[in-house]
Amino acid sequence: MNHPQQEQIGRRRLLAGAGAALLVAAVDGCSVLDAQRRAASAPALNLTPLRAGTDRITQVTVCTRPFRAQGPRLDVEQIGQKTVVHNYGHGGSGWSLSWGSSSFAVRQAMTTGEREIAVIGCGALGLTSGLLLLRAGARATIYAKDLPPNVRSSLATGLWTPDSRICLEEQATPAFKQMWATMARQSFQTYQSLLGLPGNPVEFIDSYFVSDDPSNLRRRNSSADTRPKFAELQRELIGELIPKSEEFGPGVHPFGKRYLRRNSLMMFNISAYARLLMQDFVAYGGKIEIAEFHTPADFVKLREKVLINATGYGARALFGDESIVPVRGQLARMIPQPDVNYGLFYKGVSFVPRRDGWVFQVIGDDDYYGYNDAAVVPDRAEAELAVNTIAGLYRPA
Ligand SMILES: Cc1cc2nc3c(=O)[nH]c(=O)nc-3n(C[C@H](O)[C@H](O)[C@H](O)COP(=O)(O)OP(=O)(O)OC[C@H]3O[C@@H](n4cnc5c(N)ncnc54)[C@H](O)[C@@H]3O)c2cc1C
């Protein structure tokens, strides 16, 4: 029997969460043709079955996305003698937008004329800020209470999802959209330079959206939900970066009578990637110091006059910024299988074939899944639901 949440799942519901916006954007680029006819003419797919079982779960992690309805905070603030350039609040898009967002922050920091700059935080935004400062000719020290793999960024899904819970649609002003598109393009281009490296920090994978009903492959979610919508920006603003999707009908894939749509997604193997960023930062002369700040007044002890604040969700406590809303996300990690390099989305669950440990995740009904939930206690039942939903695809429908 299906989990109640899995019944009547429309397209946006199925795709909500990491990767969702990208897949939605890809679908919307297609003309409205009969899914069944086009699906049946596609070539056969040979997909190696997953060895997915709850006994193979290695870890269940929980983390909160730092969501702000108005988008990330990127302004400059004077605190005592220090100039603080903010670079936090990237929701479910922190890895994806990191290079573009940090470029913006670094430009702001460099216009002060200072060439010795501190970065507070060593997650996706702190590491990219630090590296970009060095590349711009500054001296940079990262101060952080935790380093990878003990930062929240290490608990992300690992997909390029640049508009995932980035802001509310009603707050996406033209100026914000322009800045977002610049950040997304810059990040995307930087990621291309990280493909094909030892350890595969970044790679493209095929991902299959699986449905029992062909109309779900392209049906829009109902507008009955009156809550403010999360912004979906990709198709409108960076459509040229989204590869076309392809459809597959029953008989040409291993999932019985179901319907599949294939997309190409960029994936981050976060362990290798974060390690590469740390190594590059140190190799280019960057320094890292462990330090915890309890209030912004603590910045007085730093020798640098200019700081980039990349504390992520930590900014909520450090700056008392209650505009940061926690959006809970839980990953069930699993022993990876080297011959599997495709992802799946099925019945509100995603599977991402990370080489540094598979990721299974209930992504919920929509982007409100986990909204305003700061609980970080792992839910084993949710983890097993995620694994069993995907494992069930390989049993006869
Ligand atoms: C379940 C889940 C899945 C996600 N999936 C994706 C995805 O697929 N793709 C994507 O792009 N994004 C994804 N995200 C979002 C992404 O993980 C975040 O946007 C990103 O990690 C934010 O990075 P950050 O550097 O701002 O913060 P963090 O990673 O939290 O780093 C903050 C740093 O600041 C330090 N710090 C904080 N407070 C203090 C303090 N008071 N004193 C000293 N140091 C401090 C911390 O120790 C740490 O070093 C996901 C998030 C979650 C929760």
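Residues numbered from 1 in each chain as written. Predicted model: local features only at pLDDT ≥ 70, side-chain atom pairs only at ≥ 80, totals over all residues. Heavy atoms only, no water.

### A word on the overall build of the protein chain
Next, step 1: Counting secondary structure elements, the protein chain contains 10 helices and 14 strands.
Next, step 2: Buried residues in the protein chain amount to 59% of all 397 residues.
Next, step 3: Surface exposure of the protein chain reaches about 16400 Å², of which carbon and sulfur atoms provide 51%. (Helix = DSSP H or I, 4+ residues; strand = E, 2+ residues; numbered from the N terminus. Buried < 20%, exposed > 50% of the residue type's maximum accessible area, 1.4 Å probe, protein only. Areas by Shrake-Rupley, 256 points an atom, 1.4 Å probe, with all protein chains shown as cover.)

### Observations regarding the nonpolar core
Next, step 1: Judged by nonpolar contacts, the single largest core of 53 residues is most densely connected at Trp-180 and Tyr-191.
Next, step 2: Leaving out residues up to four positions away in the same chain, Trp-180 has contacts with Leu-97, Pro-162, Asp-163, Ile-166, Leu-233, Gln-234, Leu-237 and Ile-238.
Next, step 3: If you look at the next biggest cluster of nonpolar residues, it comprises 30 residues, including Leu-45, Phe-255, Leu-344 and Trp-358. (Core = buried A, V, L, I, M, F, W, Y, C linked by side-chain atoms within 4.5 Å. Contact = heavy atoms within 4.5 Å.)

### A short note on helix H5 (residues 124-135)
Next, step 1: With 12 residues, H5 extends 17 Å between its outermost C-alpha atoms, agreeing within 8% with the 16 Å of an ideal straight helix rising 1.5 Å per residue.
Next, step 2: Among the 12 residues in H5, 11 count as buried, and that is most of the element.
Next, step 3: Every buried residue of H5 is accounted for by Ala-124, Leu-125, Gly-126, Leu-127, Thr-128, Ser-129, Gly-130, Leu-131, Leu-132, Leu-133 and Leu-134.
Next, step 4: At its buried positions, H5 is contacted by helix H4 (94-110), strand E4 (116-120), strand E5 (139-144), helix H8 (270-283) and strand E10 (306-309).
Next, step 5: Remark: Gly-137 follows H5 within two positions and exhibits a positive phi of approximately 95°. (Expected span 1.5 Å × (residues − 1).)

### As for the sheet that holds strand E11 (residues 324-334)
Next, step 1: Across the sheet, which stays open at both edges, the eight strands sit in the order E1-E11-E14-E13-E12-E6-E8-E7 with mixed pairing between neighbours. The sheet is open, and its two borders are formed by strand E1 (57-68) and strand E7 (246-248), each paired with just one other strand. Averaged over all neighbouring strand pairs, the angle between strand axes comes to 25°, with direction disregarded.
Next, step 2: Relative to E11, E1 is paired through 11 bridges, and the arrangement is antiparallel. Counterpart to Val-60 in the pairing with E11 is Ala-332.
Next, step 3: With respect to the sheet, helix H6 (residues 174-192) is in contact with strand E6 (202-211) and strand E8 (259-268), its orientation differing from that of E8 by roughly 80°. (Pairing = 2+ DSSP bridges. Axes fitted to C-alpha atoms, helices over the stretch in contact; angles between N-to-C directions.)

### Comments concerning the site of the ligand
Next, step 1: Taken together, 38 residues lie around the ligand, and Ser-96, Cys-122, Asp-146, Ser-153 and Leu-159 are the ones closest in.
Next, step 2: Between the ligand and the protein, one listed contact pairs a nitrogen atom with a backbone N or O atom of Thr-157 at 3.0 Å.
Next, step 3: When the free accessible area of the ligand is taken as 1000 Å², the share hidden by the protein chains comes to 97%.
Next, step 4: Secondary structure elements with two or more residues in the shell around the ligand: E1, H4 and H5.
Next, step 5: Class assignment of the residues belonging to the shell around the ligand gives a composition of 15 nonpolar, 18 polar and five charged. (Near = heavy atom within 4 Å. Polar contact = N/O pair within 3.5 Å; in protein donor to acceptor, adjacent residues only side chain to side chain. Nonpolar A, V, L, I, M, F, W, Y, C, P; charged D, E, K, R; others polar.)

### As for the environment of Asp-339
Next, step 1: Inspection of the secondary structure puts Asp-339 in the loop between E11 and strand E12 (342-346).
Next, step 2: Classification of Asp-339 by relative accessible area gives partly exposed; the value is 49%.
Next, step 3: On a C-alpha basis, the gap between Asp-339 and Leu-47 in space is 9.7 Å, while along the polypeptide they are 292 residues apart.

### Overview of the pairing of E12
Successive residues of a regular strand alternate their side chains across the two faces of the sheet.
Next, step 1: Among the five residues in E12, five count as buried, and that is most of the element.
Next, step 2: On E12, burial covers both faces: Tyr-342, Leu-344 and Tyr-346 on one face and Gly-343 and Phe-345 on the other are all buried.
Next, step 3: The pairing of E6 with E12 spans five bridges and is parallel. Each residue of the ladder has a partner; that of Val-210, found in E12, is Tyr-346.

### Remarks on the pairing of strand E14 (residues 358-362)
Next, step 1: With five of five residues buried, E14 is to be regarded as a mostly interior element.
Next, step 2: Residues Trp-358, Phe-360 and Val-362 of E14 are buried on one face, and the alternating residues Val-359 and Gln-361, pointing to the opposite face, are buried as well.
Next, step 3: Bridging between E11 and E14 involves three bridges; their strand directions are antiparallel. Residue pairing for E14: Met-334 is matched across the bridge by Trp-358.
Next, step 4: Alignment of strand E13 (residues 349-352) against E14, held across four bridges, turns out to be antiparallel. For Ser-350, the partnering residue across the bridge sits in E14 and is Gln-361.

### Topic: the confidence of the model for the protein chain
Next, step 1: Mean pLDDT over the protein chain stands at 90; residues scoring 70 or higher make up 87%.
Next, step 2: Taken together, the stretch residues 1-32 has pLDDT below 50 and engages in 96 contacts with residues farther than four places along the chain or on a different chain. (pLDDT = per-residue confidence, 0-100.)

### Focus: the packing of aromatic side chains
Centre distance and the angle of the planes are the two values used to describe a pair of aromatic rings.
Next, step 1: All chains considered together, the criterion is met by 18 aromatic pairs.
Next, step 2: Between Trp-95 and Tyr-273, the ring centres sit 5.2 Å apart and the planes meet at 50°, which makes this aromatic pair tilted. Of this pair, Trp-95 sits in helix H4 while Tyr-273 sits in helix H8, and the two are 178 residues apart along the sequence.
Next, step 3: Judged by centre distance (4.9 Å) and plane angle (65°), the ring pair of Trp-160 and Phe-188 falls under edge-to-face. In this pair, Trp-160 sits in the loop between E5 and H6 while Phe-188 sits in helix H6, placing the two residues 28 residues apart along the sequence.
Next, step 4: These aromatic residues form a ring-pair network of at least three members: Phe-67, Phe-230, Tyr-368 and Tyr-371. (Phe/Tyr/Trp six-rings, centres within 6.5 Å; stacked < 30°, edge-to-face > 60°.)

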